[in-house]
Structures are given as structure tokens and as C-alpha cells.
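Per-entry structural report
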Amino acid sequence: MIGTRPGGETLCARASTAFSAYRDGDRAAFDELVGLVTPLLWHTVRAQGLDPVAAEDVVQTVWMRLLHSGETIRDPRTVVAWLLTASRREAWRVAKRARDDLMRTASLFGEEGQELTLDPGRRDRLPDRPEDVVCREEGQRRLWQHVQELPERCRELMRVIAFADRPDYALIAEALGMPVGSIGPTRGRCLAKLRQELARDPHWEGGGP
Amino acid sequence: MTDDDPTLAGLADQPLDDLDAGTLDLVRSLYDALDPVPPDLVSRIGFSLALDEVFDEVAGMTRVPPDALATRSEPAAGTRTETLTFSADRLTAMVTVHRLPGGGLRLDGWLAPSEPCLVRLRLPGGADREALADAQGRFSFDGLPEGFGQLSFHPGSDAGTEADDTTVVTPLFQL
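To start, this report covers the structure provided alongside it. (Residues numbered from 1 in each chain as written. Chains lettered and ligands numbered in written order. Predicted model: local features only at pLDDT ≥ 70, side-chain atom pairs only at ≥ 80, totals over all residues. Heavy atoms only, no water.)

1. Brief notes about the pairing of strand β9 (residues 148-155) of chain B
Residue and element names in this part refer to chain B. Worth spelling out the cut-off: Exposure is judged per residue with a 1.4 Å probe applied to protein chains only, and the accessible area is read against the type maximum: over 50% gives exposed, under 20% gives buried, and values in between give partly exposed. A run of H or I in DSSP becomes a helix once it reaches four residues, and a run of E becomes a strand once it reaches two; helices and strands are each numbered from the N terminus. Paired strands, as defined in this entry, are two strands with at least two bridges between them according to DSSP.
Counting buried positions along β9 gives 7 out of 8 residues, so the element sits mostly inside the fold. Pairing analysis gives 6 bridges linking strand β6 (residues 117-122) to β9, with the strands arranged antiparallel. Within the sheet, the bridge partner assigned to V119 lies in β9 and is F153. As judged from the 2 bridges shared by β9 and strand β11 (residues 173-174), these two strands associate in the antiparallel manner. Residue G149 lies in a different strand from β11, and its bridge partner there is F173. Alignment of β9 against strand β10 (residues 168-169), held across 2 bridges, turns out to be antiparallel. Directly across from F153, in β10, lies its bridge partner V168.

Here is the structure:
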């Protein structure tokens, strides 16, 4: 969603309002917050390479932590940043733990070295080859191909940003650990790269830069 | 992107425009099609948050990858075993879930450090179940339905008394 929503408020602004209302005693506002921000968290965690089941676990854990430690967040406007940071941290912990467990088991049972390279956090990653993607149209397949060719950090940024509103881009990029200026108010290098690649693709019908 | 493409740098420094907005809309549709948020995730989060208990810590949860255990024992047809670990500052728990041949699930858990501990299992649409960890920290629940569960650990408590300030809860997990 680009620009602001019909109500004139960005996702981060609405999340901040809901979180304030919850802290003022409105329990239903917390459910509203969950509905608003869960898509952003899902894509953040999946972009770390966790399989869908592990990703659900992480998203749930992060919401429970907010319910528990919400009062430590001084400024309600930072609630989305808090959630994004917590999600990335927990996803990283789970992926590392799963890798360690696999290494330990593999060494206990003397498996072949090649199996040690298997990354359990990534065993259910999205398909790498565009022809594996079940897309209704050629355009989506092309876009997928170009997105896949972006550096990993850019892919993560594009994926999460696509579910946010323009005025929130800079805040979200920062919460994802990207350098200042990665996106918003200027285009930034990740989106510029994608735009350039799409413009160079003769089969892409999206217009030039 | 470490290349020094001046065109790219110039493009990067411009403000976002409608073409960018259109591209990001397409990226959003792409991920909505390829990897949508599970439709019932929000309602499951709702259940796990509607916890009637005061808790002190949320345990981090890890699923031991099934392929890591596959070499040890190939489960017989029709049975499925899953191992989960929960880690909190106060305690660590390991839980295995077995599917029984006659139907139903059995959950076996082991808790460290081993101390008197009331363990409660919340099930969506069902009554809470309770068990006490024994002197070795072991606990179990029998005859569970397929679905989801959420554990809470109450160290220092037994069936009669409950100390809220040490309660550790887990996220809702698939049984």
C-alpha cells in the first residue's frame, strides 16, 4: 500500500494509536494492533529464511512478549519498530538454534560432511527458479526473477516495505537494520536497482526510469 | 551493491514517485500470491494472547528439525513424533509429541531445573489440563486432540498454591 490510506493515517500511525488505547485500558485495541502489524511481521520473519511453521511460532512469541513487556516501550510511536526488531532477533535465534541442533546431531551420528551444509532454517524457502513459481501471469514471474536477483538485504527490505505506507518507509528500514537513506524520502539503492533492472528488461511492460 | 554505477546512484537519490509506488504494489501482490500470511494466524495469536494468567516470561521455542532425528529412529508408519524445546531465563523444557496408534496424542515433557512445578496446557475449545512435574522434572499429558496447545509453567507451585511472579508461558504451538 503506497501513500496514506483512505483514513489519512499510515499503518505505523494507526498502530501507535491502537497501542496507546490498549495501554489506556482498551483490551480490544490490542487485537486491532495484531491485525494491523502481523502481515509486516510475517514477511519480516519469512525473509530471514524460516519455514512457515517456525515463522508462525516466532510471530506468536513476539506478540506475547509485547503483551508482557509493552509498558517498557516509552513512546507508543515506536511500537512497530519494537515489533520488527524483536521479530528479526527471535527469527535469528531460532535459525541459529536449529542449525546448532542439526550440527550436534550430525556429529553425534557421524553423517557425511555434505549434510552439515543443510540449513534447516532454510529448508522450506521459496522456490529459486522462476519456472517453479505458480504465478497467474508472466509479469509476476518476471518480477519474481528480478526480485530474486537483488542482494539479500534488498530483497528483505522490498518485501517488508511493500506492506507498509510511504511515510513509514524510513522508520521501517531503520528497524530492519538498514542504513539511513535506504528508502524514503528518496528511492534508495535497492528500489533503484530493481527499477533499473525492470527498465532493462524488454519483456517488462512497466515503463522506463 | 558495491558497484559505482552513476546512473544507479542518481536514480537512488531521486524522490519516490508513482512508478515506484506501482512497482511496490506489484511486489506486494507477488508475495501475497506466493507466501500469504496463514489465514488463521491472527485468530491463533488472539487465542494465545487471551491468556488468563499473569506471566513473568515468554519462553523462546525451537522445533528440533525432524531430519536431524531421522537417522536415529525412523518412526513407524502412522506415528509422528515431534520435539520442541522451550527456553526461558528461569527454566528449559523439552517436549515430545507422539501420535498414538489408537488415535490421540501424548505429550511428554522434561523440565530443568527439576523442582516442584505445576504445568498447565491450554487447548483451544477445550478445558485446561494440568500436570505436576515429578522429582526428575518429568510431566505428561495423554489423550490430546490434534490441534494447538500452549503451556505455562509455574515453578514453586503445586496444585494448591500458585505463584504468579515466576510463571513462564510458551507461544501456541501445533500439536
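2. Describing the state of the cysteines
All names here are of chain A. The criterion, for reference: Whenever a pair of cysteine sulfur atoms sits within 2.5 Å, that pair is classed as a disulfide.
All chains considered together, the criterion is met by 1 disulfide over all chains. Here C154 engages in a disulfide with C190; their sulfurs sit 2.1 Å apart. Between C154 and C190 the sulfur-sulfur dihedral comes to about -70°; the bridge is accordingly left-handed. Linking C154 in helix α7 (residues 152-161) with C190 in helix α9 (residues 188-200), this pair joins segments that are 36 residues apart in sequence. Of the two residues, C154 and C190, both sit in the buried class. Take C12: it sits in no disulfide, and the sulfur closest to it among the cysteines is that of C190, at 18 Å.

3. A word on the environment of F148 of chain B
Residue and element names in this part refer to chain B. Formally: When checking whether two residues touch, look at their non-hydrogen atoms; a contact exists if any pair is within 4.5 Å.
Note on placement: F148 falls in strand β9. In sequence terms F148 and L123 are 25 residues apart; their C-alpha atoms lie 6.3 Å from each other. Each residue touching F148, except ones within four places of it in the same chain, is listed here: R44, R122, L123, P124, L172, F173, Q174 and L175.

4. A few points about the sheet that holds strand β2 (residues 60-63) of chain B
Residues and elements named next belong to chain B. Threshold: As a rule, the C-alpha atoms of each element are fitted with a line to give its axis, helices using only the stretch in contact, and angles between N-to-C directions run from 0 to 180 degrees.
Reading across from one edge, β2-β3-β4-β5-β8 is the order of the 5 strands in this open sheet, with antiparallel pairing throughout. On the outer flanks of this sheet lie β2 and β8 (138-144), each paired with one strand and no other. Averaged over all pairs of adjacent strands, the angle between strand axes in this sheet comes to 20°, irrespective of strand direction. Taken together, the 8 bridges between strand β4 (residues 92-99) and strand β5 (residues 105-112) define a ladder with antiparallel strand orientation. Bridging from a neighbouring strand, R99 pairs with L105 of β5.

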